[in-house]
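Residues per chain, in single letters:
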Amino acid sequence: PPGPSSLGWDRGTCFESCMQLLDMISTDLGGDPSRIYALGESMGGGGVWALAGKNPERFAAIAPCAGHLNCDAEKTGQKDLVMKNLLSKPIWVFHSADDQVAPVEESEKAVEELTQLGSNVKFTRYTDAGHACWDIAFNDEALYNWLLEQHLP
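Residues numbered from 1 in each chain as written. Predicted model: local features only at pLDDT ≥ 70, side-chain atom pairs only at ≥ 80, totals over all residues. Heavy atoms only, no water.

### So, the pairing of strand β1 (residues 37–41)
So, point 1. Of the two faces of β1, only one is covered, namely that formed by Ala 38 and Gly 40; the face formed by Tyr 37, Leu 39 and Glu 41 stays uncovered.
So, point 2. Across five bridges, β1 lies against strand β2 (residues 61–65) in parallel orientation. Of the residues in β2, the one forming a bridge with Leu 39 is Ala 63.
So, point 3. After leaving β1, the chain enters helix α2 (residues 43–54) and then returns to the sheet as β2, a path that is right-handed. (Buried < 20%, exposed > 50% of the residue type's maximum accessible area, 1.4 Å probe, protein only. Helix = DSSP H or I, 4+ residues; strand = E, 2+ residues; numbered from the N terminus. Pairing = 2+ DSSP bridges. Right-handed = clockwise from strand over helix to strand, strands pointing away.)

Set out below in structure tokens:
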């Protein structure tokens, strides 16, 4: 669910609301709990990082697009925990070099840090897709094929 941009994902009710929604959908609609994936764009991309970083056992894989991992984690002092929780998580990050809203350097920094810690994170860096790079990323069949290869034990 969208939330007020002034709150971020680790403050207010955005985080709790999203997890409650996931619980409700899982209970009401069923599905394979070992194949829950989180995709998000912009602030939602930051939410994907935050949700999986705090609940890695819930998600088989994540694909944040034009969203920052470190934004809320650094503000709340939980960056080390989030990074540790994401190390073994399949992650495919998407961002564009010409993003004027969320600088690509934030995604590059997160990918570099995770890689240095041993993660096998994937990173697609577009050159001219702007902030709305999800129009390309989330319409790429390769992403969905990759997601279907991922599952929790």
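Now that the structure has been shown, we can carry on.
### Quick look at the side chain of His 95
So, point 1. Note that His 95 resides in strand β3 (residues 92–96).
So, point 2. A polar contact of 2.6 Å, which involves the side chain of His 95, links it to the backbone oxygen of Ala 102.
So, point 3. In contact with His 95, other than residues within four places in its own chain, are Ala 66, Gly 67, His 68, Ala 102, Pro 103, Val 104, Ser 107, Phe 123, Thr 124, Arg 125, Tyr 126 and Cys 133. (Polar contact = N/O pair within 3.5 Å; in protein donor to acceptor, adjacent residues only side chain to side chain. Contact = heavy atoms within 4.5 Å.)

### Some remarks on the packing of α2 against helix α4 (residues 79–86)
So, point 1. Close contact between α2 and α4 brings their axes to 8 Å; oriented N to C, the two are set at 80°. Classed by the angle they form, the pair α2 and α4 counts as roughly perpendicular. Mapping the contact onto sequence places Trp 49, Ala 52, Gly 53 and Lys 54 in α2 and Leu 81, Val 82, Asn 85 and Leu 86 in α4.
So, point 2. For the contact of α2 with α4, a count of residues per class yields five nonpolar, two polar and one charged. (Axes fitted to C-alpha atoms, helices over the stretch in contact; angles between N-to-C directions. Parallel < 35°, antiparallel > 145°, perpendicular 65-115°, else oblique. Nonpolar A, V, L, I, M, F, W, Y, C, P; charged D, E, K, R; others polar.)

### What to know about the pairing of β3
So, point 1. The element β3 is extensively covered by neighbouring structure, given that five of its five residues are classed as buried.
So, point 2. Of the two faces of β3, the one holding Trp 92, Phe 94 and Ser 96 and the one holding Val 93 and His 95 are both buried throughout.
So, point 3. For β3 and strand β4 (residues 122–126), the ladder comprises five bridges, and the chain directions are parallel. Among the inter-strand pairings, His 95 is bridged to a residue of β4, identified as Arg 125.
So, point 4. Running through helix α5 (residues 104–116), the crossover from β3 to the neighbouring parallel element β4 is right-handed.

### Things to note about α5
So, point 1. For α5, built from 13 residues, the straight-helix expectation of 18 Å at 1.5 Å per residue is met to within 8% by its first-to-last C-alpha distance of 18 Å.
So, point 2. For α5, the complete set of buried residues consists of Val 104, Ser 107, Ala 110, Val 111, Glu 113 and Leu 114. (Expected span 1.5 Å × (residues − 1).)

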